[in-house]
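# Results of the structural survey
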Amino acid sequence: MMEWKKSKTRFTRQLPLHLLILPSVICLLIFNYAPMAGLLMAFQDFKPRLGFLHSPWVGLEHFQYMFTYPDSVQVIYNTLLIASLKITANIIVPILFALLLNEVRALLFKRFVQTLVYLPHFLSWVILGGILTDILGNKGIVNHLLTLLGADTVFFLGDGTWFRITVVVSDVWKEFGFAAIIYLAAMSGINMSLYEAAEIDGATRFKQTLHVTLPALVPVILVVGTLALGNILNAGFDQIFNLYNPLVYREGDIIDTFVYRVGLMNGSFSFATAVGLFKSVISFILIVTAYRLAYRFGNYRIF
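Residues numbered from 1 in each chain as written. Predicted model: local features only at pLDDT ≥ 70, side-chain atom pairs only at ≥ 80, totals over all residues. Heavy atoms only, no water.

Next up on the list: the overall build of the protein chain. Scanning the protein chain for helices and strands turns up 14 helices and zero strands. Along the protein chain, helices and strands appear, N-terminal first, in the series α-α-α-α-α-α-α-α-α-α-α-α-α-α. In terms of overall dimensions, the protein chain is more spread out than a globule: its C-alpha atoms have a radius of gyration of 25 Å, far above the 19 Å expected for 303 residues. Seen through its principal axes, the protein chain has C-alpha atoms that stretch 85 × 75 × 35 Å. Scored against the burial criterion, the 303 residues of the protein chain give a buried share of 35%. For the protein chain, the share of sequence-separated contacts (at least 6 apart) that also reach a separation of at least 24 residues comes to 64%. Carbon together with sulfur atoms contributes 70% to the accessible area of the protein chain, which is approximately 18900 Å² in total. (Helix = DSSP H or I, 4+ residues; strand = E, 2+ residues; numbered from the N terminus. Rg over C-alpha atoms; globule rule 2.2 N^0.38 Å. Buried < 20%, exposed > 50% of the residue type's maximum accessible area, 1.4 Å probe, protein only. Contact = heavy atoms within 4.5 Å. Areas by Shrake-Rupley, 256 points an atom, 1.4 Å probe, with all protein chains shown as cover.)

Bringing helix α8 (residues 160-188) into the picture now. Note on helix geometry: an α-helix contains 3.6 residues per turn, so any two residues three or four positions apart are oriented the same way. Between its terminal C-alpha atoms α8 stretches 42 Å, which fits the 42 Å expected from 29 residues at 1.5 Å a residue. Sitting at the head of α8, D159 places a side-chain oxygen 3.2 Å from the backbone nitrogen of T161. (Expected span 1.5 Å × (residues − 1). Polar contact = N/O pair within 3.5 Å; in protein donor to acceptor, adjacent residues only side chain to side chain.)

Scanning the model with the defined rule gives five salt bridges in all. When the shortest N-O distance is used, the salt bridge between D256 and K279 registers 2.6 Å. Of this pair, D256 sits in helix α13 (residues 255-263) while K279 sits in helix α14 (residues 269-298), and the two are 23 residues apart along the sequence. Among the residues examined, D256 registers a relative accessible area of 22% and is labelled partly exposed. (Salt bridge = Lys/Arg side-chain N within 4 Å of Asp/Glu carboxyl O.)

Time to look at the side chain of D253. Summarising the element assignment, D253 is placed in the loop between α12 (249-252) and α13. Polar side-chain contacts of D253 include one of 2.3 Å to the side chain of R261. Leaving out residues up to four positions away in the same chain, D253 has contacts with V75, N78, Y244, V248, F258 and R261.

Moving on, we get to the packing of aromatic side chains. Under the defined criterion, the tally for this structure stands at 11 aromatic pairs. Where Y65 meets F271, the ring centres are 5.2 Å apart and the plane angle is 75°; that geometry is what we call edge-to-face. Residue Y65 is found in helix α3 (residues 61-68), and its partner F271 is found in helix α14; the two are separated by 206 residues along the sequence. The class of Y65 is partly exposed, set by a relative accessible area of 36%. A relative accessible area of 1% places F271 in the buried class. Across the ring face of Y249, the terminal group of R261 is positioned such that the distance to the ring centre comes to 4.2 Å. (Phe/Tyr/Trp six-rings, centres within 6.5 Å; stacked < 30°, edge-to-face > 60°. Lys NZ or Arg CZ within 6 Å of the ring centre and 35° of its normal.)

Moving on, we get to the side chain of T209. When you line up the elements, T209 lands in helix α10 (residues 205-229). Accessibility expressed as a relative area gives 16% for T209, which makes it buried. For T209, the contacting residues outside a window of four places in its chain are L99, E103, L214 and P215.

Counting 59 residues, the largest nonpolar core has F63, F97, F163 and I240 as the members making the most contacts within it. Contact partners of I240, with chain neighbours within four places excluded, come to I82, F163, V167, A235, G252, I254 and T257. (Core = buried A, V, L, I, M, F, W, Y, C linked by side-chain atoms within 4.5 Å.)

Okay, structure coming up:
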């Protein structure tokens with residue numbers, strides 16, 4: 001009885017906080033959980049005029065079609081390759097940038113550089129896609145400079161290999177400044193006495209970075225890597241959709257753009273849903289696996 005009264009009192013005291021988050025919970029239920037009912041389409045030959053209740057059931061037919069389609073293996077390979085390169089580069093480059101920026105002592109210059117590299121993150125790929133198309137096109141400024149230097153022009157957005165490189169590099173350029181915020185925040189929390197002790201022992205700045213800063217960043221790197229692994233099948237639809245063209249479909253087509261061209265453009269909503277469900281299941285398995293590995297080797301826990 002006493003425990004029930006304590007619980008009731010605690011709930012009454014916390015009621016304003018519960019009411020405060022109620023709008024967010026309602027939005028979460030409406031926009032994140034209610035649409036999950038649409039996963040039924042993955043197992044139906046969904047017709048909008050018939051709806052969920054009357055569309056015929058086809059079982060795993062759409063999943064079988066996904067794996068038997070002639071280009072499906074190449075599309076999955078492209079997705080894994082591009083996403084893996086992006087994840088790796090978007091961890092390494094921000095760490096290196098944060099380490100270098102952390103050594104800058106001129107505060108005004110440091111803030112200027114931070115602001116400069118953050119800006120691309122806030123631009124959409126619709127804008128950046130147009131800018132990159134103009135810069136890297138056959139008559140763009142990059143190829144114009146190559147011509148002036150006597151080198152051959154490069155078909156950045158028309159050659160499959162160069163297209164992949166362009167996609168990864170441009171994504172890193174857009175995101176590395178914003179991603180570095182996490183590592184800079186982690187560095188600001190490192191106990192300065194560790195650096196002082198290392199300096200007394202004769203450690204140079206490089207040694208201090210190697211033996212003090214980097215070990216302190218390991219938990220953060222594990223968190224970022226764990227969360228990023230769940231996006232291994234998301235290679236960036238908005239970026240690739242705004243940059244690719246029929247010349248690079250073979251090397252640049254990813255699962256999302258493939259679904260858009262083959263599924264949604266032809267009104268195959270069930271096929272698109274099946275692919276989305278497949279991606280979600282694989283991402284869930286990967287993120288659980290990464291979490292277990294992070295807990296085993298880095299003693300990192302969320303709960």
